[in-house]
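Residue strings, one per chain:
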Number of protein chains: 2
Amino acid sequence: MSTESAHPKGKSRTQHFLAEKAEVDQAAIAPLPASRKVYIEGSRPDIRVPMREISQSPTTTSAGLEENPPLLVYDTSGPYTDPEASIDIRRGLPELRRRWIDQRDDCEWLDDLSSEYGRRRANDPQLAPLRFELKRTPRRAKPGRNVTQLHYARQGIITPEMEFIALRENQRRLAIRSKVSEEELAHQHPGESFGASILEDITPEFVRAEVARGRAIIPANVNHPELEPMIIGRNFLVKINGNLGNSALSSSIEEEVDKMTWGIRWGADTIMDLSTGKNIHETREWIIRNSPVPIGTVPIYQALEKVAGVAENLTWELFRDTLIEQAEQGVDYFTLHAGVLLRYVPLTAKRTTGIVSRGGSIMAKWCLAHHRENFLYTHFDEICEIMKAYDVSFSLGDGLRPGSIRDANDEAQFAELETLGELTRIAWKHDVQVMIEGPGHVPMQLIKENMDKQLECCDEAPFYTLGPLVTDIAPGYDHITSGIGAAQIGWYGCAMLCYVTPKEHLGLPDKDDVKTGIITYKIAAHAADLAKGHPGAQRRDNALSKARFEFRWEDQFNLGLDPDTARAFHDETLPKDSAKVAHFCSMCGPKFCSMKITQEVRDRFGDGSGIEALPEEAVEGMRGQAERFREEGGELYREV
Amino acid sequence: MSTESAHPKGKSRTQHFLAEKAEVDQAAIAPLPASRKVYIEGSRPDIRVPMREISQSPTTTSAGLEENPPLLVYDTSGPYTDPEASIDIRRGLPELRRRWIDQRDDCEWLDDLSSEYGRRRANDPQLAPLRFELKRTPRRAKPGRNVTQLHYARQGIITPEMEFIALRENQRRLAIRSKVSEEELAHQHPGESFGASILEDITPEFVRAEVARGRAIIPANVNHPELEPMIIGRNFLVKINGNLGNSALSSSIEEEVDKMTWGIRWGADTIMDLSTGKNIHETREWIIRNSPVPIGTVPIYQALEKVAGVAENLTWELFRDTLIEQAEQGVDYFTLHAGVLLRYVPLTAKRTTGIVSRGGSIMAKWCLAHHRENFLYTHFDEICEIMKAYDVSFSLGDGLRPGSIRDANDEAQFAELETLGELTRIAWKHDVQVMIEGPGHVPMQLIKENMDKQLECCDEAPFYTLGPLVTDIAPGYDHITSGIGAAQIGWYGCAMLCYVTPKEHLGLPDKDDVKTGIITYKIAAHAADLAKGHPGAQRRDNALSKARFEFRWEDQFNLGLDPDTARAFHDETLPKDSAKVAHFCSMCGPKFCSMKITQEVRDRFGDGSGIEALPEEAVEGMRGQAERFREEGGELYREV
């Protein structure tokens, strides 16, 4: 968490990126402590769902060593943390989904890129040193075919992607595999899910039904076969997104790829590439080819770059070409601010912070310059035709989201939300998958209204918010101001939470900021899972607390979201190895450690019987009890 | 936020503390940027309430410079940030309340310390190099008198402390002094306070009524005249507590005093000294004499030290002497685990993390060793007699709070809460002020139950929680896991939030950790104030967002909770001074900055009129509009 590294540590990984020398970031492939990659097989050998298995040391009891079974946890880190995998970012990841897409036989290989811009970039010799060398051209739906997961779901077909996801999401089954007893599972605090359908057993059929209903999406472009499929929906685990991307003022291709491998190591479920600087196309290729998680973009950024930053010069034709260019690279979801309508723009005139969405402000400027309706809105059906040919999902942008507490829940924001609902229904007519973006800056008492309105306006399409920040007064800490709001809206039903780093409002985040943002949002998402009562979600908390209580320090660190930091913090004040079996830490020392004292009580009252208030005549008996307690060693808790 | 400094930076401030050379920490007396100390006078010249006034630069408009009035904010930093004050920690702070206590004429000066232990320490020549040199002996109530603020409140008397507090708490009046318009004030989002009584205007009479009702407390020992009075109660601003204190394994007197001056600089409303190591008595003297905020302790810690860590050897007599010793130093509130009853201890036998409260585990051990009821419970009336002689408030400890998600809201926890309710009513019979401590580790869906049960069991006595942490899985980040829960329970009615640092569960926090914990909890408390709808609370958010929108970077930093960090983060990627007037930051750069683009829209639609969808025949007219827009400069927002 050092503020020293404005840019990655170690060797300078700057503008002089050379494709032929590109290497994966060593920090991202270092093994996670006490962890190994395991695969859960599905109904066919090519459905292998990666999990992380965290080993624990046994508990020392008077009867000997008692095993603590390894804990299986959801794993977004891809092949990077699999020592069996051979990683070469110049070749990209294995094409996990290749055969599944082949077998659907609904796509054809193109002879060349469809995008004019894409062809220009591919043929420009000056870009050769930067370029990811592809050995293939893209795929696209055969004429008349629709290749989206939604389309298959509505036909009652369970795709391999859906089965993969069911295995990934079924926490109850993972708990059982981790030798969590039925009693223990039943002990988890019941949740309050505000009307969601949180099932005991997530099945492939349930996945299909949720996708068919539009209540969940599986972002999975046919041109992103390296993807480990995942689902975004209210009735599944709450997901988080991490952002990366260069700007005109900093960062290189290598730094951006490093942020991706680093972000997924710590738990990012999807990554958005928000580059606005140089070589956006090439940067994105490197990222997608090497990403096991879905990649999202905001195509208007690159479109704006193409017109040298002059929003008025954007055209539908240029934008269309950009969509195709990006879809053929394999982008899994597009943020499109199609709800920023001309007539809504004046509603922002009296706001404290106007339009804070980059894409929203670009579209607003275009609308006013031309005095015409937003071309994303007017060409929406055509956009759907493109999306369904590649299975790119919509992330309908909240261009008019509030950028300050004062602007929260205003007319502009909700007017746009209504239009996003309208667009959702159009997209669904095309069987194109949709999720809805949300705020922003919202004080706590107004958060639930956002969730409820979105469920209603958009027919329960998944909600994907940025925080929200619950106060504006803490620049430098907006991962926290927004983590508070994100945990709440996740609990109320938000399906994915877009992370915020400490650098929000101040500058471009570096790798440390990316990690801090990710861990904060994993906390928010998991807190929401617990509050909703996802079966099995509590097992990690239980395992860690048990390790803590038993002074299995290494296990406590390893089970946490960030073992490195936990271990380093502990070692700051108690670095000796003996401290790792010490029955105390520096907070209280040996005499005062409540856990140490508590351990000494257990034997005395193992059966949990109560002690009623004793009448006088029993005082003699009590004295005898006290003597016996002292004879037995006078400790509160002893081994059973 | 560096992890390098396990101990304070700069000159070594370690065990070789010498009273005669003691100096205040320079970092704590450095002026806050763009800030000056102002005083609001009350009905008499010796009631002067300190506030921090943050200046802003003007907004540049086409009509010239538009003033942004300075913002007045609540200030806990004491005389340390008043350049007019002369600070010498060897002399302590000015005795602000001296005359008020004198005029009540309800106390007498003692000839010597009442505590046997206290006298022994005072007469021990070996301690002379460490000792704070007091020029006075303590005060105590005259025989038959009760000197608590509650006692006065119930007699219908408004003390100077109450008037001081009313001036401090009245955010609406501060807003008006900060030239916030009535319209602006009315614009704040209405809150949801779950039945609290959040008033527009906080008056001294309202303060008195809340204290009389027991719904708020003013921790203010007659032996702590240096105190700037504050109030803890549901209908006032949510407060935060910062902890400090040495342990057997680290820290010195100087480091602890530094943590206090540092903690109050960043916003701690009270400080608890949780020392368990060496020279607890002397350390505490230095802290109280130099603290403008109330000081709390857990007397059982020092009592345990006196019996060399053997809990069974604790006696009521030793403990009684410790209470008097600490009361005569000026401790403002005591945490007492009087609700850990013998018969409750077995209820913790099957818990995952047993008893995590240090004080609770010590009392549990004592109970079992002697097979007798908790002596704090059995001697409670005698304790009240001591408390009312000095006006020490109770913080009734939650010795059986849950230390893991799994243990949340269990039988042990709520059994103790019932007993705390019983003890509250006994304390109130003595007119002794009471607040109730709370958890701990609680998943989000169970937080409100805690608040509701406490309000009911304890007749709305103020609630003072530790977090709660909403998940166990992130050691190293427990300021965040608990900040999420704290914001929520603050919203539901919790009056004070005890901070948690990143080192929680891992080791003793250093100064950086203290600051991080404080800022996190200021965020949680302020988010709760906004959610409850405290009039005027939103002005700081509004001012900061306005500064942000207008690219007044320095103002944005200065208005935030941590200007240093905000400025440093910004400067990491855009350090040049020109960047401070730049209409963008490194996140997006000049072309993509949404705020920059948005600024350009304002002129066009300043009156906020809508643009309806125009029929075909108006298209010609629209083209004319577009031409005119381009002629006028083609910018979205312009100066009005």
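Residues numbered from 1 in each chain as written. Chains lettered and ligands numbered in written order. Predicted model: local features only at pLDDT ≥ 70, side-chain atom pairs only at ≥ 80, totals over all residues. Heavy atoms only, no water.

Student: I tried to follow the overall build of chain A on my own but got confused; where do I start?
Tutor: In terms of helices and strands, chain A carries 25 helices and 17 strands. Across the 640 residues that make up chain A, the buried fraction comes to 70%. Long-range contacts, defined as pairs at least 24 residues apart, comprise 77% of the intrachain contacts of chain A with a sequence gap of at least 6. With an accessible surface of roughly 21,000 Å², chain A has 50% of that area assigned to carbon and sulfur atoms. (Helix = DSSP H or I, 4+ residues; strand = E, 2+ residues; numbered from the N terminus. Buried < 20%, exposed > 50% of the residue type's maximum accessible area, 1.4 Å probe, protein only. Contact = heavy atoms within 4.5 Å. Areas by Shrake-Rupley, 256 points an atom, 1.4 Å probe, with all protein chains shown as cover.)

Student: Explain the sheet that holds strand E17 (residues 496-498) of chain A to me, please; I cannot follow it from the model alone.
Tutor: Through backbone hydrogen bonds, the strands of a sheet pair up, either in parallel or in antiparallel fashion. All names here are of chain A. Read around the barrel, eight strands follow the order E10-E11-E12-E13-E14-E15-E16-E17 and close on themselves; strand pairing throughout is parallel. Strand-to-strand twist across the sheet, computed as the mean angle between neighbouring axes with direction ignored, equals 25 degrees. Taken strand by strand, helix H12 (residues 316-329) contacts strand E12 (295-297) and strand E13 (333-336), and its axis lies near 155 degrees from that of E13. (Pairing = 2+ DSSP bridges. Axes fitted to C-alpha atoms, helices over the stretch in contact; angles between N-to-C directions.)

Student: Where do I start with the pattern of salt bridges in this structure?
Tutor: One side chain can pair with another of opposite charge once the charged atoms of both are near each other. Residue and element names in this part refer to chain B. The tally for this structure, following the rule as stated, stands at 96 salt bridges over all chains. Where Arg104 meets Glu161, a salt bridge forms, and the shortest distance between an N and an O atom there is 2.7 Å. One end of the pair, Arg104, is in helix H2 (residues 98-104); the other, Glu161, is in helix H5 (residues 160-169), and 57 residues separate them in sequence. Each member of the pair, Arg104 together with Glu161, is buried. Two residues, Arg567 and Glu554, come together in a salt bridge whose shortest N-O distance is 2.8 Å. Highlighted residues: Arg567 in helix H22 (residues 563-573) and Glu554 in helix H21 (residues 553-559), separated in sequence by 13 residues. (Salt bridge = Lys/Arg side-chain N within 4 Å of Asp/Glu carboxyl O.)

Student: Sorry, what's going on with the nonpolar core here?
Tutor: Side chains that are nonpolar tend, in soluble globular proteins, to be buried together. By size, the foremost hydrophobic cluster in this structure holds 304 residues, and its most contacted members are Val207 and Phe394 of chain A together with Val207 and Phe394 of chain B. Beyond its immediate sequence surroundings of up to four residues, Val207 of chain B is in contact with Met162, Ile165, Ala166, Ile202, Ile218, Ile231 and Phe236 of chain B. (Core = buried A, V, L, I, M, F, W, Y, C linked by side-chain atoms within 4.5 Å.)

Student: Can you help me understand the UniProt feature "binding site: [4Fe-4S] cluster" (unreviewed entry) in chain A in this one?
Tutor: Within this structure's numbering, the places UniProt gives as "binding site: [4Fe-4S] cluster" (unreviewed entry) are Cys585, Cys588 and Cys593 of chain A. Topologically, Cys593 of chain A is positioned in the loop between helix H23 (589-592) and helix H24 (594-599). (UniProt positions renumbered as here; feature names shortened; annotations may be inferred.)

Student: Would you explain unusual backbone geometry in this entry?
Tutor: If a residue is not glycine, its phi is most likely negative; likewise, a peptide bond is most likely trans. Of note, the bond from Pro439 of chain A into Gly440 of chain A is cis; its omega dihedral lies within 30 degrees of zero at 15 degrees. Here Gly440 of chain A is to be found in the loop between strand E15 (434-438) and helix H17 (447-457). For His505 of chain B, which is not glycine, the phi torsion reads 75 degrees and is therefore positive.

Student: Explain the packing of aromatic side chains here, please?
Tutor: Each aromatic ring pair is characterised by the separation of its centres together with the angle its planes make. Residues and elements named next belong to chain B. A full pass over the atoms with the stated rule returns 28 aromatic pairs over all chains. For the pair Phe132 and Trp286, a centre-to-centre distance of 5.1 Å together with 90 degrees between the ring planes defines the contact as edge-to-face. With Phe132 in the loop between helix H3 (116-122) and strand E7 (139-141) and Trp286 in helix H10 (residues 280-289), this pair connects stretches of sequence that are 154 residues apart. Trp286 shares its class with Phe132; the two are buried. Both rings, one in Phe380 and one in Phe394, keep their centres 4.7 Å apart while their planes meet at 20 degrees; by these two values the pair is stacked. Taken together, the residues span a long stretch of sequence, with Phe380 in helix H15 (residues 380-390) and Phe394 in strand E14 (residues 393-396) at a distance of 14 residues. Relative accessible area serves as the criterion here: at 2%, Phe380 is assigned to the buried category. Taking the relative accessible area as the measure of exposure, Phe394 reaches 0% and is therefore buried. (Phe/Tyr/Trp six-rings, centres within 6.5 Å; stacked < 30°, edge-to-face > 60°.)

Student: I keep staring at the sheet that holds strand E15 (residues 434-438) of chain B and nothing clicks. Help me out?
Tutor: All names here are of chain B. Overall, parallel pairing links the eight strands, which are arranged E10-E11-E12-E13-E14-E15-E16-E17 in a closed barrel. In this sheet, neighbouring strand axes are inclined to one another by 25 degrees on average, regardless of whether the strands run parallel or antiparallel. Across the sheet, H15 lies against strand E13 (333-336) and E14, angled at about 140 degrees from E14, the strand it touches most.

Student: How should the UniProt feature "binding site: Zn(2+)" (unreviewed entry) in chain A be read in this particular structure?
Tutor: Those places that UniProt annotates as "binding site: Zn(2+)" (unreviewed entry) correspond, in this numbering, to His441 and His505 of chain A. In terms of the greatest pairwise C-alpha distance, the residues named above, spread along 65 residues, form a tight cluster of at most 12.4 Å across. Within the element layout of this structure, His441 of chain A appears in the loop between E15 and H17. With near-sequence residues (within four places) excluded, His441 of chain A lies in contact with Pro402, Gly403, Ser404, Ile405, Ala408, Pro468, Leu469, Asp472 and His505 of chain A together with Arg548 of chain B. A distance of 3.4 Å separates a polar side-chain atom of His441 of chain A from the backbone oxygen of Gly403 of chain A. If you trace the backbone, His505 of chain A turns up in the loop between E17 and helix H19 (511-532). Residues within four places of His505 of chain A in sequence aside, it is in contact with His441, Leu469 and Asp478 of chain A together with Arg548, Trp553 and Gln556 of chain B. For His505 of chain A, the side chain forms a polar contact with the side chain of Asp478 of chain A, separated by 2.9 Å. (Polar contact = N/O pair within 3.5 Å; in protein donor to acceptor, adjacent residues only side chain to side chain.)

Student: I would appreciate a short explanation of the packing of helix H11 (residues 299-306) of chain A against H12 of chain A in the present structure.
Tutor: All names here are of chain A. Contact geometry for H11 and H12: axes closest at 9 Å, N-to-C directions at 125 degrees. The angle between the axes of H11 and H12 places the two elements in the oblique class. When the axes of H11 and H12 are compared, the crossing they make is right-handed. Each of Pro299, Ile300, Gln302, Ala303 and Lys306 in H11 lies in contact with H12, whose residues at this interface are Leu318, Phe319, Asp321, Thr322, Leu323, Glu325 and Gln326. A per-class count over the contact of H11 with H12 returns six nonpolar, three polar and three charged. (Parallel < 35°, antiparallel > 145°, perpendicular 65-115°, else oblique. Left-handed = near helix turned anticlockwise from the far one by under 90°. Nonpolar A, V, L, I, M, F, W, Y, C, P; charged D, E, K, R; others polar.)

Student: Honestly, the pairing of strand E1 (residues 35-41) of chain A in this entry has me stumped. Any pointers?
Tutor: All names here are of chain A. In the sheet, E1 pairs with strand E2 (residues 48-54) via seven bridges, with the strands oriented antiparallel. Bridge assignment links Val38 to a residue of E2, and that residue is Met51. The turn linking E1 back onto E2 is made up of six residues.

Student: I'm lost on the packing of helix H9 (residues 253-266) of chain B against helix H19 (residues 511-532) of chain B in this one. Help?
Tutor: A pair of packed helices is captured by two measures, namely the crossing angle of their axes and the spacing between those axes. All names here are of chain B. With their axes 9 Å apart at the nearest point, H9 and H19 run at an angle of 30 degrees to one another. Put simply, H9 runs roughly parallel to H19. Crossing angle aside, the handedness with which H9 passes H19 is right-handed. Packed against H9, whose contacting residues are Asp258, Lys259, Trp262, Gly263 and Trp266, the element H19 presents Lys511, Val514, Lys515, Ile518, Ile519 and Lys522 at the interface. Here the contact of H9 with H19 is composed, by residue class, of five nonpolar, one polar and five charged.

Student: Looking at this model, I keep getting lost on the side chain of Asp529 of chain B. Mind explaining?
Tutor: The residue Asp529 of chain B is located in helix H19 in this model. If we skip the residues at most four places from it in the chain, Asp529 of chain B touches Leu237, Val238, His534 and Ala537 of chain B.

Student: Quick question: what am I supposed to make of the confidence of the model for chain A here?
Tutor: Close inspection of predicted coordinates is inappropriate in any region flagged by low pLDDT. Residues and elements named next belong to chain A. Across chain A, pLDDT averages 90, with 88% of residues at or above 70. In the model, residues 1-14 has pLDDT below 50 throughout and makes 27 contacts with residues more than four positions away in sequence or in other chains. Here the predicted complex scores 0.93 on pTM and 0.92 on ipTM. (pLDDT = per-residue confidence, 0-100.)

Student: Sorry if this is basic, but what is going on with the environment of Pro225 of chain B here?
Tutor: All names here are of chain B. The residue Pro225 is located in the loop between strand E8 (216-217) and strand E9 (232-233) in this model. A relative accessible area of 3% places Pro225 in the buried class. Between the alpha carbons of Pro225 and Thr573 there is a distance of 47 Å; along the sequence they are 348 residues apart. Not counting chain neighbours up to four residues away, the residues in contact with Pro225 comprise Pro94, Glu95, Leu96, Arg97, Arg98, Ile101, Arg136 and Arg289.

Student: Would you explain the side chain of His224 of chain A in this entry?
Tutor: All names here are of chain A. Looking at the element boundaries, His224 is found in the loop between strand E8 (216-217) and strand E9 (232-233). By relative accessible area, which is 0% here, His224 ends up buried. Excluding residues that lie within four positions of it along the chain, His224 makes contacts with Arg97, Ile288, Arg289, Ser291, Val293, Pro294, Ile295, Gly330 and Asp332.

Student: Where do I start with the environment of Tyr344 of chain A in this structure?
Tutor: Residues and elements named next belong to chain A. Structurally, the position occupied by Tyr344 is in the loop between E13 and helix H13 (358-370). Counting along the chain gives 71 residues from Tyr344 to Ala415, while the straight-line C-alpha distance between them is 7.2 Å. Setting aside its immediate chain neighbours within four residues, Tyr344 contacts Gly339, Leu400, Ala415, Glu416 and Thr419. In terms of polar contacts, Tyr344 uses its side chain to reach the side chain of Thr419, at 2.7 Å.

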